[in-house]
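Fold and contact review
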Amino acid sequence: MTSRIQLALNVRDVESATRFYADLFGVPPAKQRSGYANFVVADPPLKLVLFENPGAGGSLNHLGVEVESTDDVRAATDRFSAVGLPHRTTEVDTCCHAVQDKVWVDAPDVPLGAWEFYTVLADAPATGEASTGTCCDTSGDEDSCCTDRDPVA
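Description of the structure in this document. (Residues numbered from 1 in each chain as written. Predicted model: local features only at pLDDT ≥ 70, side-chain atom pairs only at ≥ 80, totals over all residues. Heavy atoms only, no water.)

1. Quick notes on the overall build of the protein
Spelled out, the test is: Secondary structure elements are taken from DSSP: a helix is a run of H or I of four residues or more, a strand is a run of E of two residues or more, and numbering for both begins at the N terminus. Three exposure classes are used, based on accessible area relative to the maximum for each residue type with a 1.4 Å probe and protein chains only: buried under 20%, partly exposed in between, and exposed over 50%. Contact criterion: two residues are considered in contact whenever any of their non-hydrogen atoms come within 4.5 Å of each other. Per-residue and other accessible areas were derived by the Shrake-Rupley procedure at a 1.4 Å probe size, with only the shown protein chains allowed to occlude residues.
A count of helical and extended segments in the protein gives two helices and eight strands. Secondary structure elements of the protein, listed N to C terminal, follow the sequence β-α-β-β-β-β-α-β-β-β. Expressed as a percentage of the 153 residues in the protein, the buried residues total 48%. Restricting the contact set of the protein to residue pairs at least 6 apart, pairs at least 24 apart contribute 59%. If you sum the accessible surface of the protein, you get close to 7700 Å²; carbon and sulfur atoms cover 51% of it.

2. Thoughts on the nonpolar core
Inclusion rule: We call a set of buried Ala, Val, Leu, Ile, Met, Phe, Trp, Tyr and Cys residues a nonpolar core when their side-chain atoms join them within 4.5 Å.
Ranked by size, the top nonpolar core spans 16 residues in total, and within it Leu 9, Val 11, Tyr 21, Phe 39, Leu 48 and Leu 50 carry the most contacts. Sorting elements by how many residues they give to this core places helix α1 (residues 14-25) first, with four residues. Apart from residues no more than four positions distant in its own chain, Leu 48 is found in contact with Leu 7, Leu 9, Tyr 21, Phe 25, Ala 37, Asn 38 and Phe 39. In terms of nonpolar packing, the next biggest core, distinct from the first, is built from eight residues, Val 67, Val 73, Phe 80 and Phe 117 among them.

3. So, the pattern of salt bridges
Put simply, the rule is: By salt bridge we mean one thing: a side-chain nitrogen of Lys or Arg within 4 Å of a carboxyl oxygen of Asp or Glu.
Tallied over the full model, the rule gives eight salt bridges. Glu 66 is the partner of Lys 47 in a salt bridge, and the nearest nitrogen-oxygen pair spans 3.4 Å. Placement of Lys 47 in strand β4 (residues 46-52) and of Glu 66 in strand β5 (residues 60-66) is noted, with a sequence separation of 19 residues between them. Glu 66 shares its class with Lys 47; the two are buried. As a salt-bridge pair, Asp 106 and Arg 88 come within 2.6 Å of each other at their nearest N and O atoms. A residue pair is termed long-range when its members are at least 10 positions apart, and Asp 106 in strand β7 (residues 98-106) and Arg 88 in strand β6 (residues 87-95) qualify at 18 residues. A relative accessible area of 34% means that Asp 106 is categorised as partly exposed.

4. As for the pairing of β4
Going by this rule: One requirement defines pairing of two strands: DSSP has to find at least two bridges between them.
Counted residue by residue, β4 has six buried out of seven residues, so it is predominantly covered. Where strand β1 (residues 4-11) lies against β4, seven bridges are found, and the strand directions are parallel. Counted as the bridge partner of Ala 8 is Val 49 from β4. Taken together, the six bridges between strand β3 (residues 36-41) and β4 define a ladder with antiparallel strand orientation. Bridge pairing links Val 41 to Leu 46 in β4.

Written out as structure tokens, the structure is:
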């Protein structure tokens, strides 16, 4: 696997959006849960994530880069440290129906005020919470997740 950009979108109806994006990119969803779907698109390299979030303030939920391994997350963290970019790391975090290691790097003018660099360690069970950790919250507030945020359009 090479890294790929992650684009997380808020959608009004995840089922109809899933059908549209499956047709658009010519691939089925890689994962579907209640109110959630994601696609792994080979060309262009993209991880498309859909959150059913009809009351969101905009369609863009958050931005990220999916990398192959925890070593890649650590390399990104080291790079951010070397150039003085503020960042926060989370290890073995259950977020977006997967167990992940990640680093959030502060960025201007983007939803959540940061980009997420992450690797998926394991799938999370289909039942239960979508998040048990910091998930898409860059502030450290553990009660927040991507669908609880008011993203910027």
